[in-house]
Amino acid sequence: MSTLANPTRTRVLVLELVRGAVGGLLAGGVFLIVNMWFATSMNDPAKMPLLMMATIVQGKDAIADGSASVGVGLLVHGVLSVGFGVAFSLLAVRLRTNGSLALAGTSFGVVLYLVNFTVFASAVFTVFEDANQPFEFVAHVVFGLLLALAFFSSGARREDPVLAIADSESV
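Worth saying up front: this structure is predicted, and the values here are computed from it rather than measured.

Novice: What am I meant to see in the overall build of the protein here?
Specialist: Within the protein one finds five helices and zero strands. Mapped in sequence order, the helices and strands of the protein form the string α-α-α-α-α. For the protein, the residues scored as buried account for 34% of the 171 residues in total. Here the analysis covers contacts within the protein between residues at least 6 apart in sequence; of these, 64% occur between residues at least 24 apart. Approximately 9,800 Å² of the protein is accessible, and the part contributed by carbon and sulfur atoms is 68%.

Here it is, written out as structure tokens:
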């Protein structure tokens, strides 16, 4: 029987997709705040990450010609964060432990960084070539880990504690 023919499995899948969307939005929010903080620490305006995101839709010259919009950048960032969260949810439903989930989240962040900065930035979105690469690498890994946290102890991992610390007598 297919997942779509089984209402219980369909409901679980929809809930996991929603969890991914919300988790992606929250992890993306933290990612954005950290990027805005970093921009100000480099004497750039806090809105610079949003203006850079706006160039994905408005074109590579949008910052230079003053047409880049904070609102467009926020929308692009939100849509991508939700999309990445939903994509991760399709992987997360297959993982059985919080540990494997944390590893998958870390790997997901690394893959996002590599695709965003080695493929897209150099080929299409050249404004991102100016970004601080070590910082962006860490920010993407943190995004993946925060996204993974949205799935901890859910689904097949329901009985897996979020944090398991053994006492010294049981070791």
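From this point, things continue past the structure.
Novice: Help me understand helix 5 (residues 133-149), please; the structure alone is not making it clear to me.
Specialist: Each full turn of the α-helix corresponds to 3.6 residues, which orients residues three or four apart in the same direction. For helix 5, which comprises 17 residues, the first-to-last C-alpha distance of 24 Å matches the rise-based estimate of 24 Å (1.5 Å per residue) to within 8%. Of all the positions in helix 5, only Phe 135, Glu 136, Ala 139, His 140, Val 141, Phe 143, Gly 144, Leu 147 and Ala 148 are classed as buried. Buried residues along helix 5 sit in contact with helix 1 (7-41), helix 3 (70-92) and helix 4 (98-123). The backbone nitrogen of Phe 135 has a side-chain oxygen 2.9 Å away, supplied by the residue at the start of helix 5, namely Asn 132.

Novice: Just checking my understanding: could you explain the environment of Ala 46 for this structure?
Specialist: In this structure, Ala 46 sits in the loop between helix 1 and helix 2 (48-58). Judged by its relative accessible area of 29%, Ala 46 falls in the partly exposed class. It is 8.9 Å that separates the C-alpha atoms of Ala 46 and Ile 33, two residues lying 13 residues apart in sequence.

Novice: Would you mind going over the nonpolar core with me for this structure?
Specialist: The tendency in soluble globular proteins is for nonpolar side chains to be buried side by side. Residues Phe 88, Leu 101, Phe 108, Phe 143, Leu 147 and Phe 151 are the most contacted members of the largest nonpolar core, which totals 17 residues. Residue assignment for this core shows that the elements contributing at least two residues are helix 1, helix 3, helix 4 and helix 5. No other element matches the five residues that helix 5 contributes to this core. If you look at the next biggest cluster of nonpolar residues, it comprises 15 residues, including Ala 39, Ala 68, Val 76 and Tyr 113.

Novice: Explanation requested: the pattern of salt bridges in the structure shown.
Specialist: Close approach of charged atoms allows side chains of opposite charge to pair. As enumerated under the stated definition, the model contains one salt bridge in all. Where Arg 19 meets Glu 16, a salt bridge forms, and the shortest distance between an N and an O atom there is 3.7 Å. Here Arg 19 pairs with Glu 16, and both are found in helix 1, just three residues apart, close to one helical turn. Arg 19 sits in the partly exposed class, given a relative accessible area of 31%. For Glu 16, a relative accessible area of 8% translates into the label buried.

Rules and cut-offs
- Residues numbered from 1 in each chain as written.
- Predicted model: local features only at pLDDT ≥ 70, side-chain atom pairs only at ≥ 80, totals over all residues.
- Heavy atoms only, no water.
- Helix = DSSP H or I, 4+ residues; strand = E, 2+ residues; numbered from the N terminus.
- Buried < 20%, exposed > 50% of the residue type's maximum accessible area, 1.4 Å probe, protein only.
- Contact = heavy atoms within 4.5 Å.
- Areas by Shrake-Rupley, 256 points an atom, 1.4 Å probe, with all protein chains shown as cover.
- Expected span 1.5 Å × (residues − 1).
- Polar contact = N/O pair within 3.5 Å; in protein donor to acceptor, adjacent residues only side chain to side chain.
- Core = buried A, V, L, I, M, F, W, Y, C linked by side-chain atoms within 4.5 Å.
- Salt bridge = Lys/Arg side-chain N within 4 Å of Asp/Glu carboxyl O.

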